[in-house]
Amino acid sequence: MALPNVRNIDFYIPAPSKRPRDEDGGAAGAEEDLRGGKQQKGMGARELARYREAAAGVGIEAGFEMRETEELTGDKKKILEKLMDQDEEEPEAEPVDESSVKKMILTFEKRSYKNQELRIKFPDSPEKFMESELDLNDIIQEMHVIATMPDLYHLLVELNAVHSLLGLLSHENTDVAIAVVDLLQELTDIDTLHESEEGAEVLIDALLEGQVVALLVQNMERLDEQVKEEADGIYNTLAIIENMAEFRPGLCTEAAQQGLMQWLLKRIKAKMPFDANKLYCSEILAILLQNNDSTRELLGEMDGIDVLLQQLSVFKRHNPSTAEEQEMMENLFDGLCSCLMLPTNRDRFLRGEGLQLMNLMLREKKMSRTSALKVLDHGMIGPEGADNCHKFVDILGLRTIFPLFMKTPKKMKKTGASEKEHEEHVCSIIASMLRNLKSQQRSRLLNKFTENDCEKVDRLMELHFKYLEAVQQADKRIEGEKHEMVRRGEILDDSMEDEFYLRRLDAGLFVLQLICYIMVEISNSGISQLQQRVHQILNLRGGSVKVVRHIMREYAESIGDGKSDEFKEAERKRIMDLVDSF
């Protein structure tokens, strides 16, 4: 028979939250609860006895007779608060060492076993097992001290405490499960884990062996976020997952497969007001998808692309109302960009009308515009982006993208994006289209460059000289540093050269390569007008074909990271042919 949850008559366990959360779903109130600011849910007889003793100890009149049902008002409440504070301060805790931790773990095991035994024996008489549940909660709270000694974590594993704690995640009383979540959250705090790598490894191994993520997800499934303590429990559960993923990124695949991905998507699309938990879910989702093709595939199979697009469509015509909501929007966009690295998801994005949504966002000029541009770039790049490129032209995307190419928006500051970032994404989208478009759509793109007396070519050349100058300055600085290193007798190894190359890309070389690629593509388009204008402006401003060729050769050399050798070879040849006839 089902065991009852004794919420109404059991104790209240304050939930220590990981980081401050906002009022509308946060743990900001947890401190108030700890201080006794809110009336405790039915206190156990032992607690009342303890407060009575303490009251007698500090010489308070015998009038301090408390009944369980009595309302704590005025002075009595203040007295009780003082006593609770004293209660917390009084006992001089014995020093935490190996033997005291062992003793604590054994006490925990005994109390856990006793509670389990009584619950089986008296399933319908909560008063029979309530005392044991309070005892169990007390020892779980005491075990928080172990989090200050990560080098003793091995004891938790050796004495089987990890196994027992994981078992309690499915305890009939959710307050006990939440107390365990709070403890695990503190034990896995990332700073603590880094204090003792050895202890941390042992603990994380044991948790993963015990299928910790699956158990945490099962527990979250039954929690009710309308109850503040349970909402905090979910928040702290997500904190445990974040801590473990940061310490061991490899566990993301396993975690996603153990029901976490499914739960996150369900929670993100739940029709609930925005709160700290929804923000945290978006953060964990973005972490799971980072550099991980198997989680990207899993999300695609679960129709996650549609979920992300639905959630983002809210920001098509409205800006996020708070900084937190903006952060969530960015997390969802980041997750979408990650997913689009996987070719199969490009197709799902296309079918889910992702291009139409991004195109609308670009037109609406809201905060979402910058990120929508980034998503389009990810969706259209490389040969896998060909279908999206054709569709983008069909939905009149050229009318949206070229005004952004002609003029970088001034309102970039709000979204925290730089001018360079904007110009990089726009140039990358145009370069992808020149690479992927065929027949009629390609003609429509090239015609754009001839419109209004080739004004787009003039803008392209303006950007060319802007980024050429930035790269030349960076090259000058790097040459100076190299010279200095040689003078000091230091060796310029490959890793140093790579670092210098990354710095050049960062200074604007990548955008410059895209611009030069567009220049050689339109010059080879068979439209003489475009070729003449490119060369005319190069000559006018003292530019040189030789420089453009050099930039393109360097670009061809670095092409096709992670692609097959045949693709790299074919693409290099294609680019070099364009360069030779430039």
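As the structure is a prediction and not an experimental result, all values here were calculated from the model.

Enquirer: Explanation requested: the overall build of the protein chain in the structure shown.
Expert: Scanning the protein chain for helices and strands turns up 28 helices and zero strands. Across the 582 residues that make up the protein chain, the buried fraction comes to 51%. Taking as baseline every contact in the protein chain between residues at least 6 positions apart, the subset at least 24 positions apart corresponds to 77%. Of the roughly 28,000 Å² that the protein chain leaves accessible, carbon and sulfur atoms contribute 50%.

Enquirer: Mind showing me how you'd approach unusual backbone geometry here?
Expert: Glycine aside, a negative phi is what most residues show, and trans is what most peptide bonds show. Its identity as a non-glycine residue notwithstanding, Glu353 has a phi of 60 degrees, on the positive side. With respect to the helices and strands, the residue Glu353 is situated in the loop between helix H18 (343–351) and helix H19 (354–364). The phi torsion at Ser439 lies on the positive side, around 40 degrees, for a residue other than glycine. Structurally, the position occupied by Ser439 is in helix H24 (residues 439–487).

Enquirer: Is there a simple way to explain helix H27 (residues 545–557) in this structure?
Expert: Because the α-helix completes a turn every 3.6 residues, residues three or four places apart line up on one side. Compared with the 18 Å implied by 1.5 Å per residue over 13 residues, the 19 Å span of H27 between its first and last C-alpha is a close match. Val548, Ile551, Met552, Glu554, Tyr555 and Ala556 are the residues of H27 that are buried.

Enquirer: Explanation requested: helix H15 (residues 293–301) in the structure shown.
Expert: Within the sequence span of H15, burial applies to Thr295, Arg296, Leu298, Leu299 and Gly300. Following H15 by one or two positions, Asp303 has its phi on the positive side, about 60 degrees.

Enquirer: Looking at this model, I keep getting lost on the pattern of salt bridges. Mind explaining?
Expert: Opposite charge on two side chains allows them to pair when their charged atoms are near. Considering all chains together, one arrives at 35 salt bridges under this definition. As a salt-bridge pair, Arg119 and Glu133 come within 2.8 Å of each other at their nearest N and O atoms. Here Glu133 lies in helix H5 (residues 126–142) and Arg119 lies in helix H4 (residues 98–121), a separation of 14 residues in the sequence. By relative accessible area, which is 1% here, Glu133 ends up buried.

Enquirer: Honestly, the environment of Tyr501 in this entry has me stumped. Any pointers?
Expert: When you line up the elements, Tyr501 lands in helix H25 (residues 494–523). For Tyr501, a relative accessible area of 22% corresponds to the partly exposed category. Sequence-distant contacts of Tyr501, that is, excluding residues within four places in its chain, are made with Leu509, Gln513, Glu554 and Ser558. A polar side-chain atom of Tyr501 sits 3.5 Å from a polar atom in the side chain of Gln513.

Enquirer: Mind showing me how you'd approach the nonpolar core here?
Expert: Generally speaking, a soluble globular protein has its nonpolar side chains buried in company with each other. With 152 residues, the main nonpolar core has Leu156, Leu260, Met358, Met433 and Ile522 as its most contacted residues. At 12 residues, H24 tops the list of elements feeding residues into this core. Those residues within four positions of Met358 in sequence are excluded, and the remaining contacts are Leu309, Phe333, Leu336, Phe349, Ala372, Val375 and Leu376.

Enquirer: I tried to follow the packing of helix H11 (residues 212–222) against helix H13 (residues 252–269) on my own but got confused; where do I start?
Expert: Two packed helices can be described by the angle between their axes and the distance between those axes. Running from amino to carboxyl end, H11 crosses H13 at an angle of 25 degrees, the nearest separation of the two axes being 8 Å. In terms of orientation, H11 lies roughly parallel with respect to H13. As for how H11 packs across H13, the hand of that crossing is left-handed. Here H11 contributes Val213, Ala214, Val217, Met220 and Glu221 to the contact with H13, which in turn contributes Ala255, Gln258, Gly259, Leu260, Trp263 and Lys266. Residues that form the contact of H11 with H13 fall into these classes: seven nonpolar, two polar and two charged.

Enquirer: How should a negative patch on the surface be read in this particular structure?
Expert: Among the surface-exposed residues, Asp151, Asp191, Glu195 and Glu246 lie close enough to one another that they form a single negatively charged patch. Along the chain, the position of Asp191 falls in helix H9 (residues 190–195).

Enquirer: Can you walk me through the packing of aromatic side chains in this structure?
Expert: Where two aromatic rings form a pair, the distance of their centres and the angle of their planes describe that pair. The full count for this structure, using the stated rule, is four aromatic pairs. Lys128 extends its terminal NZ or CZ atom over the ring of Phe122, reaching a point 4.6 Å from the ring centre.

Enquirer: Sorry, what's going on with the environment of Leu207 here?
Expert: Within the secondary structure layout, Leu207 lies in helix H10 (residues 197–209). Owing to a relative accessible area of 2%, Leu207 belongs among the buried residues under this scheme. Residues Leu207 and Leu184, spaced 23 residues apart in sequence, show a C-alpha to C-alpha distance of 9.7 Å. If we skip the residues at most four places from it in the chain, Leu207 touches Val162, Leu166, Leu184, Thr188, Val212 and Met244.

Enquirer: Where do I start with the packing of helix H8 (residues 174–187) against H11 in this structure?
Expert: Running from N to C, H8 and H11 cross one another at 135 degrees; their axes reach a closest spacing of 11 Å. With respect to H11, the element H8 is oriented oblique. Along this stretch, H8 crosses H11, giving a crossing that reads as left-handed. Of the residues in H11, those touching H8 at Thr174, Ala177 and Val181 are Leu216, Asn219 and Arg222. When its residues are assigned to classes, the contact of H8 with H11 shows three nonpolar, two polar and one charged.

Enquirer: For this particular structure, what's the right way to read the confidence of the model for the protein chain?
Expert: Regions with low pLDDT should not have their predicted coordinates read in detail. Summarising the model, the protein chain shows a mean pLDDT of 86, and 82% of its residues fall at 70 or more. Taking the mean pLDDT of every element in the protein chain, the minimum, 37, falls on helix H1 (residues 30–34) and the maximum, 98, on helix H14 (residues 276–289). Contacts for the low-pLDDT stretch residues 1–72, under 50 throughout, to residues beyond four places or in other chains number 144 contacts.

Reading the values: the criteria
Residues numbered from 1 in each chain as written. Predicted model: local features only at pLDDT ≥ 70, side-chain atom pairs only at ≥ 80, totals over all residues. Heavy atoms only, no water. Helix = DSSP H or I, 4+ residues; strand = E, 2+ residues; numbered from the N terminus. Buried < 20%, exposed > 50% of the residue type's maximum accessible area, 1.4 Å probe, protein only. Contact = heavy atoms within 4.5 Å. Areas by Shrake-Rupley, 256 points an atom, 1.4 Å probe, with all protein chains shown as cover. Expected span 1.5 Å × (residues − 1). Salt bridge = Lys/Arg side-chain N within 4 Å of Asp/Glu carboxyl O. Polar contact = N/O pair within 3.5 Å; in protein donor to acceptor, adjacent residues only side chain to side chain. Core = buried A, V, L, I, M, F, W, Y, C linked by side-chain atoms within 4.5 Å. Axes fitted to C-alpha atoms, helices over the stretch in contact; angles between N-to-C directions. Parallel < 35°, antiparallel > 145°, perpendicular 65-115°, else oblique. Left-handed = near helix turned anticlockwise from the far one by under 90°. Nonpolar A, V, L, I, M, F, W, Y, C, P; charged D, E, K, R; others polar. Patch = residues over 30% accessible without salt bridge, like charges linked within 9 Å, V, L, I, M, F, W, Y side chains within 5 Å. Lys, Arg positive; Asp, Glu negative; His and termini not counted. Charge placed at Lys NZ, Arg CZ, Asp CG, Glu CD. Phe/Tyr/Trp six-rings, centres within 6.5 Å; stacked < 30°, edge-to-face > 60°. Lys NZ or Arg CZ within 6 Å of the ring centre and 35° of its normal. pLDDT = per-residue confidence, 0-100.

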